[in-house]
Every structure is written in structure tokens, then in C-alpha cells.
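Okay, here's what each chain looks like letter by letter:
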Amino acid sequence: TFLIHMFPEDLSADRQQYITLLKTHDNLYFSVDADHMMFDGQTGLLYKYEDESVAQAKVHFLADYDRNEQQLLNSALSRYKPLIEAVPDKVMWGTEGGTEYFYEPEVYDRTVKFSRLFIAELDPVVQEKFAYQNALTIFGEGER
């Protein structure tokens, strides 16, 4: 099993080629994380402020997110919706929560909100597949 995970601008350059690869290789999958969905053209918001203190990063993230939510959503849908709907059994959502400020309640809540807004705009037939079913199918439930 191979999982493709890449920067948003790389996918945008060659999306159709990745769709073809995903359609022709049964063991190839693609993950889209919330950080890459909240991409502002330069970087994802969950890493944009990683060099700042947690308190400063949180304030900057919240201001950036709240000011640009719809623009970020439109951009993410433009970039990822064609991929997800072309290969609905091959693409899955993730969080990419690697920075300390991701775990601040307000940042985490915005990330979940954004993910839900994004998923709600997908074809209803693929929503649950992208949100969790594909991950369960590919990786199982894991250990409890």
C-alpha cells in the first residue's frame, strides 16, 4: 500500500496524472490533510506560524482563518474536489496536527469546522468515504 501525500501546489500542477495513477494502481491512495486544505497560496495555516510562541501563533492563526475562511474553502474545493470525486475510493482526509498551536481549542475547533465545511461541499456519495470510510478500509480500525 502506497499513500501519496504532497504539497497543494504540486497536486495542482499535475492533478490529472495523479487521478490516472490512482485509477490504474489498486494499491495507491491519496491523503488530503486540513493543513493543505487551508493553504493560502504560500503555506498551510497549521504551519504558517510554527516559529512563533503558541500564544502568538494561535492569535495569528485565528485572525488569518477568520478573515479568509471562504477564500480558503473555495481554493481547497477547486484543488481537491475534482480529485476526490474522480477517485472516491482512493482519497482520505487527515488533520496534520504537527504544531503545538494546533492543539489550542480554538485552533482545533476551526480546523474541524473547516474540514466539515469542505466535506459538506462534496458529492454526498463521497462524503463519508473521504471523511473516514476509506481510511478504515485501507488501514483498519487500529488497536484500542
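So, here is what we can say about the structure in this document. Just so it is clear, the model here is predicted, and its values are computed rather than measured.

A few points about the packing of aromatic side chains
A complete count under the given rule lists six aromatic pairs for this structure. For the pair F61 and Y65, a centre-to-centre distance of 6.1 Å together with 15 degrees between the ring planes defines the contact as stacked. Placement of both F61 and Y65 in helix 4 (residues 54-86) is noted, with a separation of four residues, approximately one turn of the helix. Using a relative accessible area of 0% as the deciding quantity, one classes F61 as buried. For Y65, a relative accessible area of 1% translates into the label buried. Geometrically, the ring pair formed by F61 and Y101 is tilted, given 6.2 Å between the ring centres and 55 degrees between the ring planes. In this pair, F61 sits in helix 4 while Y101 sits in the loop between strand 3 (91-94) and helix 5 (105-120), placing the two residues 40 residues apart along the sequence. Through a chain of ring-to-ring contacts, the aromatic side chains of F61, Y65, Y101 and F114 assemble into a single cluster.

A few points about the pattern of salt bridges
Overall, the coordinates contain seven salt bridges when judged by the stated rule. We note a salt bridge from E106 to K58, for which the minimum N-O separation is 3.2 Å. Note that E106 is positioned in helix 5 and K58 in helix 4, a separation of 48 residues in sequence. Here R67 and D64 are joined by a salt bridge, their closest N and O atoms 3.6 Å apart. Within this pair, R67 and its partner D64 are both found in helix 4, separated by three residues, close to a single helical turn. Judged by relative accessible area, R67 falls into the exposed class, the value being 59%. Taken together, the shared-partner salt bridges connect D40, K48, D64 and R67 into one network.

Quick notes on the rules
- Residues numbered from 1 in each chain as written.
- Predicted model: local features only at pLDDT ≥ 70, side-chain atom pairs only at ≥ 80, totals over all residues.
- Heavy atoms only, no water.
- Phe/Tyr/Trp six-rings, centres within 6.5 Å; stacked < 30°, edge-to-face > 60°.
- Helix = DSSP H or I, 4+ residues; strand = E, 2+ residues; numbered from the N terminus.
- Buried < 20%, exposed > 50% of the residue type's maximum accessible area, 1.4 Å probe, protein only.
- Salt bridge = Lys/Arg side-chain N within 4 Å of Asp/Glu carboxyl O.

By themselves, these are just geometric observations and shouldn't be taken as functional.
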